[in-house]
Amino acid sequence: MLTVKQIEEIREHLEKAQNPLFFFDNDNDGLTSYLLLSRFIGRGKGVIIRSFPELNPSYYRKVLELKSDYIFILDKPAVSKEFLEKAKKDNIPVVWIDHHQVDPPEDSDVYYYNPFLNDKTNEPVSYLSYKIANRKEDAWLAVIGNISDCYIPDFYPEFYKTYPDLAKESPKSAFDLLYKSEIGRIARILDFSLKDTLTNVVSMTKFMMKASGPMDILEENLKTKQILKRYNEINSKYQALMEKARELAGKKLIYFQYGGNLSLSGNLANQLIYEYPDKTAIVVVYINGDIANISLRGKGNIRKLTLDALSGIEGASGGGHEKATGAKMSVSDLPRFKENIDRLLGE
Ligand SMILES: [Mn+2]
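Residues numbered from 1 in each chain as written. Predicted model: local features only at pLDDT ≥ 70, side-chain atom pairs only at ≥ 80, totals over all residues. Heavy atoms only, no water.

**Description of the coordination of the manganese ion**
Stated formally: Distances up to 2.8 Å from the metal define which N, O and S atoms are donors, and 3.2 Å serves for Na, K and Ca; water is absent from the atom set, so sites may look incomplete. Strands here are runs of E lasting at least two residues and helices are runs of H or I lasting at least four, both read from the DSSP assignment and numbered beginning at the N terminus. Throughout this description, buried means an accessible area under 20% of the type-specific maximum (1.4 Å probe, protein chains only), exposed means over 50%, and partly exposed covers the range between.
For the manganese ion, the full set of protein donor atoms is Asp 25 (OD), Asp 27 (OD) and Asp 75 (OD), and the range of their distances to it is 2.1 to 2.3 Å. For the manganese ion, the donor residues sit on a single chain with the sequence spacing D-x1-D-x47-D. Residue Asp 25 is located in strand β1 (residues 20-25), and its partner Asp 75 is located in the loop between β4 (70-74) and β5 (78-79); the two are separated by 50 residues in the primary sequence. For the pair Asp 25 and Asp 75, one class covers both residues: buried.

Right, dumping it as C-alpha cells:
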C-alpha cells in the first residue's frame, strides 16, 4: 500500500493542479482511477492510452493542445523517456501512479508512486485513487475498477450495504463478482465501451464523470445508447471466441489464438482462468497484422513463465503481475514462443 504521507502528497498535487491532464490505461482500472481523481477535484481532462507497452511520446501533443499544467499517468507500467523529457523541458510536473511490478523511472524528477516499491503489494490504481479521493459516494466506481483487476477492496462490505441488489454478500473471488453479478455486468459494459472509437470513448467518460451511481449505466437513454450498443456488438463476438477457446482446453494449458481488429485477449484470458482455475497457464494470442499481443494467466508464477518464454526472442517485450502478464512480439516468432511455453510446462 502507499503510505499516508504519499497519499497526502498526491492529494496536494491534485489540489495544486489547475488544468491537469490524466493519461489512463485503456481498461476499467485506468478509467475509474481517472474518474475518481478528477471527480475529487472537479476538473481535469482525460486521455485514454492506447499505445503498448509504453505511453508513446506522440501523446505529448495533448498536453500542448489542452495547455495542461500538470500530468497524471494512471495504471501504465511504462512511459517513453522522450515523453518525460518533453514534460521536464516545459516544466510540467508528472505524477505517475502505477501498481505493476517494475523498476522506478530513472528520472528522479517524476513523482512516482507504486505500492509494489513500498511493500511488494499491488492494489489496483483505482483502489489507491479511492483512498486518495476518499469520497464514499464514489465507492461504486472503485469497486468496478477493483473487481476488473481481480481485487476485492476492504470497503466492499459498505458498497454491498448500499447496493445489495447489484452484488453478493460474500463473493468467492473478485471474478465471481465480475462474471456473476450485476455490478460485474456493469463493469463488463464499461470495459467494452473503452474499445469504441475515440470520439465515443470521450462521450462515455464525460457521461461517467457525472454519473451518480451504477444504475445510470443500465438505464437506456440517449446518453447510454452508444455504450450499450457497443457492449452488445462486442459481447456477441466475445462469447463466440470464448466458445472456441473452451474447446481448446488441454491438461495444463489453454493456448488460444485469434485475429481481427478487436483486441479482447485480456478479457478472454481473465474469464478463462476464472472458469479453469486449475490450468497452469492460459495463453491468449491476439494477432493484428504482423504483431501478436499476448495475455497470460495461470495458477503458478506467470510472470516468470512469461519472461522465460520470451528469452531469446529478439524484439519481444512483456511483463506485469505475478498472476497476470502481457507480451508482444512479431507474429513470425510465435512458433518459437509456443515451443518455449510447451517446454516450460512439460507438455
Ligand atoms: Mn490496467
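So that's the structure; there's more coming.
**Here's the deal with the pattern of salt bridges**
Worth spelling out the cut-off: Salt bridge, as applied in this entry: a Lys or Arg side-chain nitrogen positioned within 4 Å of an Asp or Glu carboxyl oxygen.
Tallied over the full model, the rule gives 20 salt bridges. Where Asp 107 meets Lys 88, a salt bridge forms, and the shortest distance between an N and an O atom there is 3.5 Å. Taken together, the residues Asp 107 in the loop between β6 (94-97) and β7 (111-113) and Lys 88 in helix α4 (residues 81-89) connect sequence positions 19 residues apart. Assessed through its relative accessible area of 45%, Lys 88 is described here as partly exposed. For Glu 233, the salt bridge is made with Lys 229, and the minimal N-O distance between the two is 3.7 Å. Here Lys 229 and Glu 233 lie together in helix α13 (residues 225-247), a separation of four residues that amounts to about one turn. According to the relative accessible area criterion, Glu 233 is partly exposed, its value standing at 34%.

**Comments concerning α13**
Formally: How far a helix is expected to stretch is found by multiplying one less than its residue total by 1.5 Å. Contacts are assigned to residue pairs with any non-hydrogen atoms lying within 4.5 Å of each other.
Between the first and last C-alpha of α13 there are 34 Å, a value that for 23 residues agrees with the 33 Å anticipated at 1.5 Å per step. Along α13, the residues that are buried comprise Ile 227, Leu 228, Arg 230, Tyr 231, Ile 234, Asn 235, Tyr 238, Leu 241, Met 242 and Ala 245. Along its buried surface, α13 packs onto α10 (182-193), α11 (198-210), α12 (215-218), β8 (253-259) and α14 (265-275).

**Overview of the domain arrangement of the protein**
For the record, the criterion: The split of the chain into domains comes from an automatic or database domain assignment. The buried area of a pairing is the accessible area, by a 1.4 Å probe, that goes missing from both parts when the two are put together, added over both.
You can read the domains of the protein as domain 1 (4-134) and domain 2 (248-345). Here the C-alpha centre of domain 2 lies 27 Å away from the C-alpha centre of domain 1. Opposite the six residues of domain 1 that make contact, domain 2 presents eight residues. Together domain 1 and domain 2 conceal approximately 560 Å² of surface at their shared face, both sides included; 50% is due to carbon and sulfur atoms. Contact with domain 2 buries surface across domain 1, with Phe 52, His 100 and Gln 101 losing the most and accounting together for 76% of the total.

**Here's the deal with the sheet that holds β4**
As a reminder, the rule being used: Pairs of strands are assigned from DSSP output, requiring at least two bridges between the strands. Only the contacting stretch of a helix is used when fitting its axis, a line to C-alpha atoms as for every element, and angles between N-to-C directions run 0 to 180 degrees.
Across the sheet, which stays open at both edges, the five strands sit in the order β2-β1-β4-β6-β7 with parallel pairing between neighbours. Looking along the sheet, the strands with just one partner apiece sit at the ends: β2 (45-49) and β7. The sheet shows a mean angle of 15° between the axes of neighbouring strands, taken without regard to direction. Relative to β2, β1 runs parallel, the two sharing five bridges. If you follow Phe 22 over to β2, its bridge partner there is Gly 46.

**Some details on the sheet that holds strand β9 (residues 281-288)**
Taking strand neighbours across the sheet as the criterion, the five strands line up as β8-β9-β10-β12-β11 in an open arrangement whose pairing is mixed. Of all strands in the sheet, those bounded by a partner on one side alone are β8 and β11 (317-320). Going across the sheet, the axis of each strand differs from the next one's by a mean of 15°, ignoring polarity. Two strands pair when backbone bridges link them, and β9 and strand β10 (residues 291-297) are joined in this way by seven bridges, in the antiparallel orientation. In the sheet register, Ile 282 faces β10, and the bridge partner there is Arg 297. On the sheet, helix α16 (residues 334-345) packs against β8, β9, β10 and β12 (324-330) and is oriented at approximately 165° with respect to β8.

**Some remarks on the pairing of β6**
Of the two faces of β6, the one lined by Val 94 and Trp 96 and the one lined by Val 95 and Ile 97 are each fully buried. Bridging between β4 and β6 involves four bridges; their strand directions are parallel. Bridge assignment links Phe 72 to a residue of β6, and that residue is Val 95. Sheet analysis places β6 next to β7, joined by three bridges and oriented parallel. The residue of β7 that forms the bridge with Trp 96 is Tyr 112.

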